[in-house]
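Residues per chain are reported as follows:
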Amino acid sequence: MAEKYFIKTNFDLCTGCCLCQLACSMRLLGGYNPHRALLRIEHAGENLYHFPTVCNQCANPYCANVCPVQAIRRDPATGAMVVDHEQCVACNLCHRYCPIGVVGVDVELKKSVKCDLCDGAPRCVAACPTGALELAVGGEVNHG
Amino acid sequence: MADGSMGQFLVADLTSRKAWTLPLPQWLKDDFVGGKGFGAKLLYDLTPAGADPLGPENVIMFMAGPLTATAAPAMRACVITKSPLTGIYLDSFFGGRFGPEIKFAGYDGLIILGRATRPTYVWISDDQVEFRSAEGMWGTDALAANDRVKKDLDAPEARVVTIGQAGENRVKFALISCEFNRQAGRGGAGAVMGSKNLKAIAISGSRLVKVNDPAAFHEACDAAGADIRASQTCAALTDSGTSNAVPWSNSVGTLPFRNYFDQVDDQADRLGDEGQKKHLFLGKAACFGCPIRCSQMGAVRSGKYAPMITDIVEYESAALMGSNIDIHDVRAVAHLVKLCDAYGLDSMSTGGVIGFAFEAVEKGIIDPPPGVKLSFGSVAGAEYLIDAIAMQNSDLGRLLGLGVRRAAARLGGDAEAFALHVKGLEVPGWAPRGTPGMGLAYMTADRGACHQRGFMVAYEVGGKEFRGKPVDTYGLVQKAEILKGEQDYLAGLDTLVKCDFGAFGVTSKSYVRMFQAATGRSVDARFFDILGERIWNQTRLFNLREGLTAREDRLPRRIVSEPLPSGPHKGRRISEADMAVMLADYYQQRGWDKNGHPTEGKLQSLNLDKRIRFTITPKPIPDQIGISTRLRD
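Residues numbered from 1 in each chain as written. Chains lettered and ligands numbered in written order. Predicted model: local features only at pLDDT ≥ 70, side-chain atom pairs only at ≥ 80, totals over all residues.

Another aspect to go through is the overall build of chain A. For chain A, the helix and strand inventory stands at 4 helices and 8 strands. N-terminal to C-terminal, the α/β element order of chain A is β-α-β-β-α-β-β-α-β-β-α-β. Looking at the 144 residues of chain A, the share that counts as buried comes to 42%. Sequence-distant contacts in chain A: of pairs separated by 6 or more residues, those separated by 24 or more amount to 61%. (Helix = DSSP H or I, 4+ residues; strand = E, 2+ residues; numbered from the N terminus. Buried ≥ 20, exposed ≤ 12 C-beta atoms within 10 Å, placed from the backbone. Contact = placed C-beta atoms within 7 Å.)

Structure representation (structure tokens):
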């Protein structure tokens, strides 16, 4: 049992600036590209609305459930589901069954990538200028 | 070694329907950096002297800079072409998400050549380039076309620039729509796309934009972010965008009223942040990578024009489509601006043209069509003219679609007396009688009347100090010196490509830090000033080559000869003598001769004397240079 951290999204505060995605892609890949970040923003209604989607660090994680080599496991320190790149075979089943499309094989790394909460200090949250992303502490983790 | 650039341009030739890449020469990066710098140099080198702006020989370019698409706060991209409105150099800057996507697809800029035989759009997905038919979407408005392109490609994530009917019909002040709420608005770049039968460009990319020293860059971006947070001007932009400039401009006597007849408007508050917060605003939207989020998104939810989603009515639109034509219902102004956005018309020039037309009718120079009321304050009249101009389906629409300079020349008589333009570009919403330095800024801006190349209003009535001392509002001395400094510095930053609003907060020290960390270059504090001066001379060389003379470095007749009837600057004008004094000083400050030509010594000092040319290989062989071009009908 451990405390579970997660990133709470407040879509009403999101301006669609994508600074979160820039911070994320830089940390993950050493360069900037929002399409390869581990969180997504949908811009809707002529830019009237912006919906950020981040990994839920699910209590019942389908990504881990379907992984044939058990490469996705929970980090006991943060509660994040983390991909072990030593074990990942890039089958992309995690991507196929993730209900919100925030895990999958990166085109260059050839390994599955997903939000690991930056070891408890998420860069996206630090980069967000409006508070649309917050680091929150949940209850006990239900190991399902 | 990573330096913030992608190392190549994409060239798309609409005539041959071929695309290929060109490596970025080191000398170009060294001397021109990106954005406006690349555009200024390439337009000179790639467009033949005397080219018809609407002919296939004109080039249109979309340029990013080394900081575009990075975490550097408030960066943009720009369009550069020869303007059909002015016949001289044009750059037009846009935020949003299209500019960064150019780099994500692997390019520092797009260079579009030639003319397609049929309506076409270009689809760029990393190194795949397709020339696709736009026949099914020809005739659609700019916003509908955006949607159509994404559906046609089944690529909702693509970033798309489009033109509306105005661009198709080659209206000389047609714009390029860069996704919702963002436009390359000024000078008729949309007409250039239309003349090339180019309805849209869609782009999507998976490449990484890398900087030289990521840790140092992160720190530099943090410092720039702190500059923005410490800036009251940036805070005001976050609160209510440029709408709060309406009451301010009115209070300092620079708000155009009834085709610049006056510079105060007693109903200004209805158009400003007060009126807009009440009737429009709901939330905020940001351009890519910008913490300022100046866009105030909202909706017209009551009255005749409801329901309609709208962005903020920006200051320039509120001034030119509001007070300048004596309309004060901000919902009506939002409606008129949205019409311009959809048709793909620059709302600034359109407001100027409507003001000109209303006055021409008042003076009996234009006869309104039967049953149509064209008079100040008439929303229906403005709506009629916007439609006529965009659709080009009547003599009046065709006349006004030429812009006020040409329309006045065709009308003859006294029409030039109230045609508000410099070099053919309609005057922005900062009316200059009372602020002679702002007048000089309009006289000398490289694209014609532009408020963004040196905002002298800030010094003359805004309390901004120069070298620690207040600036005399009406004085003529020192204005040229201050303006040259502003023009050079801002043009330098336009290589990055900075947003003007970011530059209100981010210090020159922070720009230098970000630039150094991104590119790995070591530069001193004067770098952007010297770079900007080089660019300012490069664009001048282009304009002179295209036939510009010192005679056109002047203000419109109304500003010169009609004293202001009221307001804080009552009785003020900027006389012929005032212009002569300031212009002579300005040429001297610039190291130009009395005819406004850069001296050889000046060009030498800026490394422009060697005249190295950027060239494009005339016969590309796509397969040999690593890009597969798929052709599709």
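This is not the end of the story, as more comes after the structure.
Right, let's talk about the overall build of chain B for a bit. Of regular secondary structure, chain B possesses 26 helices and 18 strands. Expected size for 633 residues packed as a compact globule is a radius of gyration near 26 Å; at 23 Å, chain B falls within 12% of this value. Based on the C-alpha atoms only, the size of chain B along its principal axes is roughly 65 × 55 × 45 Å. Counting the 633 residues in chain B, one finds 62% classified as buried. By sequence separation, contacts in chain B at least 24 residues apart represent 70% of the contacts at least 6 residues apart. (Rg over C-alpha atoms; globule rule 2.2 N^0.38 Å.)

Moving on to the sheet that holds strand S3 (residues 60–63) of chain B. All names here are of chain B. Strand order in the open sheet formed by 6 strands is S2-S1-S6-S3-S4-S5, and the pairing between neighbours is mixed. In this open sheet, the two edge strands, each paired with only one partner strand, are strand S2 (18–23) and strand S5 (89–94). In this sheet, neighbouring strand axes are inclined to one another by 20 degrees on average, regardless of whether the strands run parallel or antiparallel. With 3 bridges connecting them, S3 and strand S4 (residues 77–82) associate as antiparallel partners. Directly across from Met 61, in S4, lies its bridge partner Ile 80. In the packing of helix H2 (residues 35–46) onto the sheet, contacts are made with S3, S4, S5 and strand S6 (109–113), and the angle to S4 comes to roughly 15 degrees. (Pairing = 2+ DSSP bridges. Axes fitted to C-alpha atoms, helices over the stretch in contact; angles between N-to-C directions.)

All names here are of chain B. Met 61, Val 333, Leu 345 and Met 514 are the most contacted members of the largest nonpolar core, which totals 248 residues. Residue contributions to this core peak at 10 residues, all from helix H13 (residues 330–343). Ignoring any residue separated from it by four or fewer positions in sequence, one finds Met 61 in contact with Gly 39, Leu 42, Val 79, Ile 80, Thr 81, Gly 109, Leu 110, Ile 111 and Ile 112. (Core = buried A, V, L, I, M, F, W, Y, C linked by C-beta atoms within 7 Å.)

Here we come to the environment of Asp 91 of chain B. All names here are of chain B. Relative to the helices and strands, Asp 91 resides in strand S5. Classification of Asp 91 by C-beta neighbours within 10 Å gives buried; the count is 29. Setting aside residues up to four positions removed in sequence, Asp 91 forms contacts with Lys 36, Gly 39, Cys 78, Val 79, Ile 80 and Arg 447.

Residue and element names in this part refer to chain B. Domain boundaries assigned for chain B yield domain 1 (8–212 + 615–631), domain 2 (214–416) and domain 3 (436–605). If you average the C-alpha positions of domain 1 and of domain 3, the two centres end up 28 Å apart. Tallying the contact residues gives 39 residues for domain 1 and 30 residues for domain 3. Contributions of two or more residues to the side of domain 1 that touches domain 3 are made by helix H1 (26–32), H2, S4 and S5. (Domains from an automatic or database assignment.)

Before going further, it helps to examine helix H20 (residues 479–493) of chain B. Over its 15 residues, H20 of chain B runs 21 Å from end to end, which matches the ideal 21 Å to within 8%, given 1.5 Å per residue. Of all the 15 residues making up H20 of chain B, 13 are buried; the element is thus mostly covered by neighbouring parts of the structure. (Expected span 1.5 Å × (residues − 1).)

All right, on to the packing of helix H18 (residues 436–444) of chain B against helix H25 (residues 576–590) of chain B then. Residue and element names in this part refer to chain B. Two numbers describe how H18 lies on H25: the axes approach to 10 Å, and their chain directions differ by 65 degrees. Of the two possible hands of crossing, H18 and H25 adopt the one that is right-handed. Judged by residue contacts, Pro 436, Leu 440, Met 443 and Thr 444 of H18 engage Asp 578, Met 579, Met 582, Leu 583 and Tyr 586 from H25. Residues of the contact of H18 with H25, tallied by class, amount to 7 nonpolar, 1 polar and 1 charged. (Left-handed = near helix turned anticlockwise from the far one by under 90°. Nonpolar A, V, L, I, M, F, W, Y, C, P; charged D, E, K, R; others polar.)

Residue and element names in this part refer to chain B. Between the first and last C-alpha of H2 there are 16 Å, a value that for 12 residues agrees with the 16 Å anticipated at 1.5 Å per step. Buried residues dominate H2, accounting for 10 of its 12 residues. Among all positions of H2, only Gly 35, Lys 36, Gly 37, Phe 38, Gly 39, Ala 40, Lys 41, Leu 42, Leu 43 and Tyr 44 are buried.

To continue, consider the pairing of strand S7 (residues 120–125) of chain B. Residue and element names in this part refer to chain B. Summarising burial for S7: 5 of the 6 residues are buried, a large majority. One ladder, built from 6 bridges, connects S7 with strand S8 (residues 128–133); its direction is antiparallel. Bridge pairing links Thr 120 to Ser 133 in S8. Hairpin connection of S7 to S8: 2 residues between the antiparallel strands, including Asp 126 at a positive phi of 50 degrees. The pairing of S7 with strand S12 (residues 198–204) spans 6 bridges and is classified as parallel. The partner of Ser 125 across the bridge, within S12, is Ser 204.

Of the consecutive residues Ala 306 of chain B and Pro 307 of chain B, the connecting peptide bond is found in the cis state with omega at -10 degrees. With respect to the helices and strands, Pro 307 of chain B occurs in the loop between strand S14 (295–300) and strand S15 (308–310). Residue Val 497 of chain B follows Leu 496 of chain B across a cis peptide bond; omega there is 10 degrees. If you trace the backbone, Val 497 of chain B turns up in the loop between H20 and helix H21 (500–503). With phi around 50 degrees, Cys 118 of chain A is a residue other than glycine that occupies positive phi space. The topology assignment puts Cys 118 of chain A in the loop between strand S7 (112–114) and helix H4 (123–127). In this structure, Val 33 of chain B takes a positive phi of about 65 degrees despite not being glycine. Along the chain, Val 33 of chain B falls in the loop between H1 and H2. Residue Val 33 of chain B is classed as buried on the basis of its 30 C-beta neighbours within 10 Å.

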